[in-house]
Amino acid sequence: MTNHDIPPRAPGLTWLTEGGIETEIMYKWGYELPQFAMFPLLENPKAAETIRGMYRRYLDVAARHDMGALIGGFDYRASADWAGLVGYDSAALEEIQLRNIAFLREVSAPYKGQIPEIRIAGILGPRGDAYALNRAITADEAEDYHAQQITTYARDGVDLIWAATTNNVPEAVGISRAAATAGIPVNISFTLTEDHRL
């Protein structure tokens, strides 16, 4: 597998990054997210159009201000354990992961030429609860668990993996190993406690 490199930062280019789209779709647009999984909304044409509008407004801002745009999807819960809770087996999960990235490419395509650079990130959530420390997971278990999602996205050519709300070091190590094996850059964001510690 070919290694992806994080592209060097273009001098003077500011990047706009989005996040928290689950919160917006729930509280602004009124959609329910069982198990906090947003990816099943792709099966709902009305919801998919609402999401398309959310991304367009974000990309409009990047275009208006000549910024680069880093966009991630609604795949935070698109891993085996969480997807199983909302009725997706392994084959259906891989298919929806690829549809998520295809959706991002489709919605951003009209902005080529208007936005200096557009990058797409595959989003990874933790195996357990983001806000309840999972001391049981080992680095080897985390590597094995997250490898499916990371490998799928690397094979599909996303620019990087963003592991969000990781709350323990062994899981971060496992995610990093899986990303290294797949040859794709990874950005890991940690959940911190009130005293600013892992």
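Fair warning: this is a prediction, and the values are worked out from it, not measured in the lab. (Residues numbered from 1 in each chain as written. Predicted model: local features only at pLDDT ≥ 70, side-chain atom pairs only at ≥ 80, totals over all residues. Heavy atoms only, no water.)

Draft legend 1. Region of the structure containing the packing of helix H4 (residues 90-108) against helix H5 (residues 139-156). Where H4 contacts H5, the two axes come as close as 10 Å, and the packing angle between them is 40°. Viewed along their axes, H4 and H5 adopt a mutual orientation that is oblique. Crossing of H4 over H5 shows right-handed handedness. Two secondary-structure elements touch here, H4 through Leu93, Glu94, Gln97, Leu98, Asn100, Ile101 and Arg105 and H5 through Gln148, Gln149, Thr152, Tyr153, Arg155 and Asp156. (Axes fitted to C-alpha atoms, helices over the stretch in contact; angles between N-to-C directions. Helix = DSSP H or I, 4+ residues; strand = E, 2+ residues; numbered from the N terminus. Parallel < 35°, antiparallel > 145°, perpendicular 65-115°, else oblique. Left-handed = near helix turned anticlockwise from the far one by under 90°. Contact = heavy atoms within 4.5 Å.)

Draft legend 2. Spatial organisation of the sheet that holds strand S2 (residues 68-72). An order of S1-S2-S3-S4-S5 is seen for the five strands of this open sheet, with the pairing classed as parallel. Looking at strand neighbours, the two that pair on one side only are strand S1 (15-17) and strand S5 (186-190), the edges of this open sheet. The sheet shows a mean angle of 25° between the axes of neighbouring strands, taken without regard to direction. As defined by bridge partners, strand S4 (residues 160-166) adjoins S5 across four bridges and the pair is classed as parallel. Of the residues in S5, the one forming a bridge with Trp162 is Asn187. Those strands touched by H5 are strand S3 (118-124) and S4, and its axis lies near 165° from that of S3. Along the sheet face, helix H6 (residues 169-182) touches S3, S4 and S5 and points at about 170° away from the line of S5. (Pairing = 2+ DSSP bridges.)

Draft legend 3. Geometry of the nonpolar core. Ranked by size, the top nonpolar core spans 45 residues in total, and within it Tyr55, Phe74 and Ile150 carry the most contacts. Of all elements in the fold, only helix H1 (21-27), helix H2 (45-64), S2, H4, S3, H5, S4 and H6 reach the threshold of two or more residues within this core. In terms of residue count, H2 provides more of this core than any other element does, eight residues in total. Beyond its immediate stretch of four places on either side in the chain, Phe74 contacts Ile21, Met38, Phe39, Leu42, Ile51, Tyr55, Asn100 and Phe103. One finds Tyr76, Ala121, Ala130 and Ala164 within the second-largest nonpolar core, a separate group that totals six residues. (Core = buried A, V, L, I, M, F, W, Y, C linked by side-chain atoms within 4.5 Å. Buried < 20%, exposed > 50% of the residue type's maximum accessible area, 1.4 Å probe, protein only.)

Draft legend 4. Fine view of the packing of aromatic side chains. Tallying each qualifying case throughout the model produces five aromatic pairs. Between Phe39 and Tyr88, the aromatic rings sit 5.1 Å apart at their centres with planes inclined by 75°, giving edge-to-face as the arrangement. Note that Phe39 is positioned in the loop between H1 and H2 and Tyr88 in the loop between helix H3 (80-85) and H4, a separation of 49 residues in sequence. Residue classification places Phe39 among the buried positions, given a relative accessible area of 1%. On the basis of relative accessible area, Tyr88 is assigned to the buried category, the value being 13%. (Phe/Tyr/Trp six-rings, centres within 6.5 Å; stacked < 30°, edge-to-face > 60°.)

Draft legend 5. Highlighting the packing of H2 against H4. Between H2 and H4, the least distance of the axes is 10 Å, while the angle of their chain directions is 50°. When the axes of H2 and H4 are compared, the pair comes out oblique. In this structure, H2 meets H4 at a crossing whose hand is right-handed. Contacts between H2 and H4 pair Ala48, Ile51, Arg52, Tyr55, Arg56 and Leu59 from the former with Phe103, Leu104, Glu106, Val107 and Ser108 from the latter.

Draft legend 6. Geometry of H6. In this model H6 runs 20 Å from its N-terminal to its C-terminal C-alpha over 14 residues, within 8% of the 20 Å that 1.5 Å per residue would give. Looking only at H6, the buried set comprises Glu171, Ala172, Gly174, Ile175, Ala178, Ala179 and Ala182. Projected down its long axis, H6 shows its buried positions confined to an angular sector of 160°, all on one face. Every exposed residue of H6 that faces more than 90 degrees away from the buried side is listed here: Ala180 and Thr181. Along its buried surface, H6 packs onto S3, H5, S4 and S5. Put simply, Asn168 is the residue that caps the front of H6, since its side-chain oxygen is 2.9 Å from the backbone nitrogen of Glu171. (Expected span 1.5 Å × (residues − 1). Arc of directions from axis to C-beta. Polar contact = N/O pair within 3.5 Å; in protein donor to acceptor, adjacent residues only side chain to side chain.)

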